[in-house]
Amino acid sequence: MNKIKKKIIILPIITLLLSLMSMIGLNLYNNKVNNKNYNHFLNDIKNKKISEVYITNTPKIKVKLTNGQTYQTDNPRSLNFKEDLLKNGIKISEHSPMTSRELIPFIVLIASSISIVFIALKNTSFKRKSRNSVDSLQSKELEEMTHNFDSVAGNEEAKESVQDVVDFLKTPEKYTSYGARMPKGVILYGEPGTGKTLLAKAVAGEAGVPFYAVSGSDFVQVYVGVGASRIRQLFKKARNKGKAVIFIDEIDAIGKKRAGESMGGSEERDQTLNALLTEMSGFNEKEGIVVIAATNRLDVLDDALLRPGRFDRHVEITLPDVRAREQIINLHLKNKPVGKINIKELAKKTAYFSGAKIENLMNEAAILACKENSTNIEDSHLNKAFSIILAGYEKQNRDYITHEDKKITAYHEIGHAMITKKILPNEKISKVTIIPSTKGAGGYTLSIPEDSLYQNKEYLRKRIMVLLGGRAAEEIAFGKNLITTGAHNDLQRSTSIAYNMVSHYGMGKTLGLLNMQELTKLNIDQKEIIEECKNLVNELYTEVKNILTKEKEMLDNLTEKLIEKESLHSEDFESI
Ligand code: ADP
Ligand code: ZN
């Protein structure tokens, strides 16, 4: 490919030289042949033989006769030369004429120089690109070590669990003198955005060693052998630095449990995995290299990875609790102008948010404050950002929504809100709106769940009921035949909860305490489970309808209020 490109450049070079030569030739020819002296020229003027004169800034001027012939003569460069000619009725051009004989080489010259520049540029960018794709690791591998444990808020247990890794990286001799074997590999596992990458960087930063990062997904769909050689290169580079932290994000992409044995296309993955394991057993304890890997789920990883001497330390990174959220909020507000913000309240409101989601929330609030030219970030910005994070941006153009549609959405959302208020009184409803969001919802109800480690059977039943509240309100208000597709997502979620209760959490009758995941290895008929899920949800639906029917008046009143105001907030629900 490259060679062909290089040959192509020869073509314009040849045409460029040819055109140059012909231009020089023409010039000489012109100079030789058509020269006449100035007196001859003056005579021609007298005899009215001249039709046009081309005046330029050169020593010679060109003269065109009435019979079409041309010649050159000396440029007098006198001030009233032009006026004299005009007086004699001679046309004047201020640029020299180009005959096609002169014009063609000129155009060829320009065209060839442009194509030379073009081909040369393309060649270098092509080279640059191909270098990137072959060795894409180079650029992002080594990152600045600006992080330390202070940049990780909360996660105290996790920090504690990797503290000795930091000590070991600082003074490996100390550990070996005790005969202690340090883990060569640490796996950080937990939900996305909980700060696994951040913690790995902090370990490198605390220990003051270089940080090499790759992602398992980089190794998917590369040619056989490339992944393995990349792994070897990576370790070689790290080893050359002496001590290092090697971070492998999304380790599951290369280290997943083998499902069906002879699945095609897994050969590359196996080679990459084997290269990783070989490299890890290759370096010894004194070297001061630690591999940290991250995954969302530990249980999907191949056992070969988890054996002693490989990734034998497993550290869970959990979603932050309310105190950790407060710390994360404070951390991410540090470099921002902040007004009077109730941080404790915000920490409560962000239950089940990951660190990344909180960071996103703070950033969104800062953008909103900036857009408004507000001096500080205020509670109002945070509240708006909160809705944006959970539900997307409000649709600006809402004229197309008919009153009938608004009414359906309003009943639906009030149905959710009223059931929440009735059966989960501790859950705070922060916002109910019929303003559609850019994420596609016609309206939504935001409620803040209470922090808790477990969800009990009663709570799960209530969650299903809240989800069913929208459809139930529609049915009560408009009748059985006018229910809408608006409940699609609600039903998806309630079905999932019901199914998990019956088949995974041991909360149903059909399976009792048996777990479906284990049973599917046998070959069991699922009909009965579906039957039980249906009964469970139906029973809860009837219950929801009863509640709303009893309170029909309130349902109507709140719906009317929502249609009028478009959004309701927690105060509006105090009356329930
Ligand atoms: P993960 O690797 O678990 O998916 P990251 O480490 O990439 O998550 O986190 C993404 C971003 O979220 C971080 O860069 C940071 O801004 C923020 N973040 C997550 N957890 C925390 C935390 N505990 N303290 C401070 N910031 C956090
Ligand atoms: Zn709904």
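Residues numbered from 1 in each chain as written. Chains lettered and ligands numbered in written order. Predicted model: local features only at pLDDT ≥ 70, side-chain atom pairs only at ≥ 80, totals over all residues. Heavy atoms only, no water.

Student: Can you help me understand the coordination of the zinc ion (ligand 2) in this one?
Tutor: Around a metal, the idealised angle for a tetrahedral arrangement of four donor atoms is 109.5 degrees; for an octahedral arrangement of six donor atoms it is 90 or 180 degrees. Looking at the zinc ion (ligand 2), one finds its protein donor set to be His412 (NE2), His416 (NE2) and Asp490 (OD), positioned 2.0 to 2.1 Å from the metal centre. Here the donor residues of the zinc ion (ligand 2) are spaced in sequence according to H-x3-H-x73-D. Note that His412 is positioned in helix α18 (residues 403-423) and Asp490 in helix α20 (residues 488-503), a separation of 78 residues in sequence. Asp490 shares its class with His412; the two are buried. (Donors = N, O, S within 2.8 Å, 3.2 Å for Na, K, Ca; no water. Helix = DSSP H or I, 4+ residues; strand = E, 2+ residues; numbered from the N terminus. Buried < 20%, exposed > 50% of the residue type's maximum accessible area, 1.4 Å probe, protein only.)

Student: What exactly am I supposed to notice about the sheet that holds strand β12 (residues 444-448) here?
Tutor: Sheet strands associate in pairs through backbone hydrogen bonding, adopting either a parallel or an antiparallel arrangement. With antiparallel pairing, the three strands of this open sheet are ordered in space as β12-β11-β13. Each having just a single partner strand, β12 and β13 (567-569) make up the two edges of the open sheet. Sheet twist, expressed as the average angle between the axes of neighbouring strands with direction ignored, equals 10 degrees. Both strand β11 (residues 428-433) and β12 contribute to a ladder of five bridges, which runs antiparallel. Note that in β12 the partner of Val432 across the bridge is Thr445. (Pairing = 2+ DSSP bridges. Axes fitted to C-alpha atoms, helices over the stretch in contact; angles between N-to-C directions.)

Student: Even after reading the chapter, I still don't get the sheet that holds strand β3 (residues 70-74), so can you show me in this structure?
Tutor: Spatially, the four strands line up as an open sheet ordered β3-β2-β1-β4, and their pairing is mixed. With partners counted over all chains shown, the strands left at the sheet margins are β3 and β4 (91-93), one partner each. For this sheet, the mean inter-axis angle between neighbouring strands, taken without regard to orientation, is 25 degrees. Pairing between strand β1 (residues 50-54) and β4: three bridges, direction parallel. Within the sheet, the bridge partner assigned to Tyr54 lies in β4 and is Ser93.

Student: Looking at this structure, how should I read α20?
Tutor: Helical geometry: 3.6 residues make up each α-helical turn, so side chains three or four residues apart lie on a common side. Taking 1.5 Å of rise per residue, the 16 residues of α20 would be expected to cover 22 Å, and the 22 Å separating its terminal C-alpha atoms lies within 8% of that figure. Within the sequence span of α20, burial applies to Asp490, Ser494, Ile497, Ala498, Asn500, Met501, Val502 and Ser503. Tucked inside the fold, the buried residues of α20 contact α18, α19 (457-478), α21 (516-519) and α22 (527-550). (Expected span 1.5 Å × (residues − 1). Contact = heavy atoms within 4.5 Å.)

Student: I would appreciate a short explanation of the nonpolar core in the present structure.
Tutor: Within the largest apolar cluster, 44 residues are counted, with the highest numbers of intra-cluster contacts made by Ile414, Leu548 and Phe573. Of all the secondary-structure elements, those providing two or more residues to this core are α18, β11, α19, α20, α21, α22 and α23 (552-565). In terms of residue count, α19 provides more of this core than any other element does, eleven residues in total. Discounting chain neighbours no more than four positions away, the residues touching Phe573 are Ile414, Ala417, Lys421, Ile429, Val432, Leu558 and Leu568. Formed by 30 residues, the second largest nonpolar core is a distinct cluster that contains Val214, Ile248, Ile251 and Leu305. (Core = buried A, V, L, I, M, F, W, Y, C linked by side-chain atoms within 4.5 Å.)

Student: What's the story with the site of ligand 1 in this structure? I'm lost.
Tutor: Around ligand 1 sit 17 residues, and of these Ala153, Gly193, Lys196, Thr197 and Leu198 come closest. Here Gly193 contributes a backbone N or O atom positioned 2.8 Å from an oxygen atom of ligand 1. One of the side-chain nitrogen or oxygen atoms of Thr197 is found 2.6 Å away from an oxygen atom of ligand 1. Notes on ligand 1: free accessible area 560 Å², of which the protein chains cover 80%. Mapped onto the shell around ligand 1, the elements with two or more residues apiece are α9 (196-207), α14 (322-333) and α16 (355-371). (Near = heavy atom within 4 Å. Polar contact = N/O pair within 3.5 Å; in protein donor to acceptor, adjacent residues only side chain to side chain. Areas by Shrake-Rupley, 256 points an atom, 1.4 Å probe, with all protein chains shown as cover.)

Student: Help me understand unusual backbone geometry in this model?
Tutor: Note: most residues except glycine have negative phi, and most peptide bonds are trans. In this model, Lys48 sits at a positive phi of 55 degrees, which is unusual for a non-glycine residue. When you line up the elements, Lys48 lands in the loop between α3 (38-46) and β1. In this structure, Asn155 takes a positive phi of about 50 degrees despite not being glycine. Within the secondary structure, Asn155 is located in the loop between β5 (142-143) and α7 (156-170).

Student: What is the right way to look at the UniProt feature "binding site: Zn(2+)" (unreviewed entry) in the chain in this model?
Tutor: Under the UniProt annotation, "binding site: Zn(2+)" (unreviewed entry) lies at His412, His416 and Asp490. Across 79 residues in sequence, these annotated residues keep their C-alpha atoms within 10.8 Å of one another, forming a single compact spot. Among residues more than four places away in sequence, those in contact with His412 are Gly469, Gly470, Arg471, Glu474, Gly486, Ala487 and Asp490. Inspection of the secondary structure puts His416 in helix α18. When residues no more than four places from it in sequence are discounted, the contact partners of His416 are Thr445, Val466, Leu467, Gly469, Gly470 and Asp490. (UniProt positions renumbered as here; feature names shortened; annotations may be inferred.)

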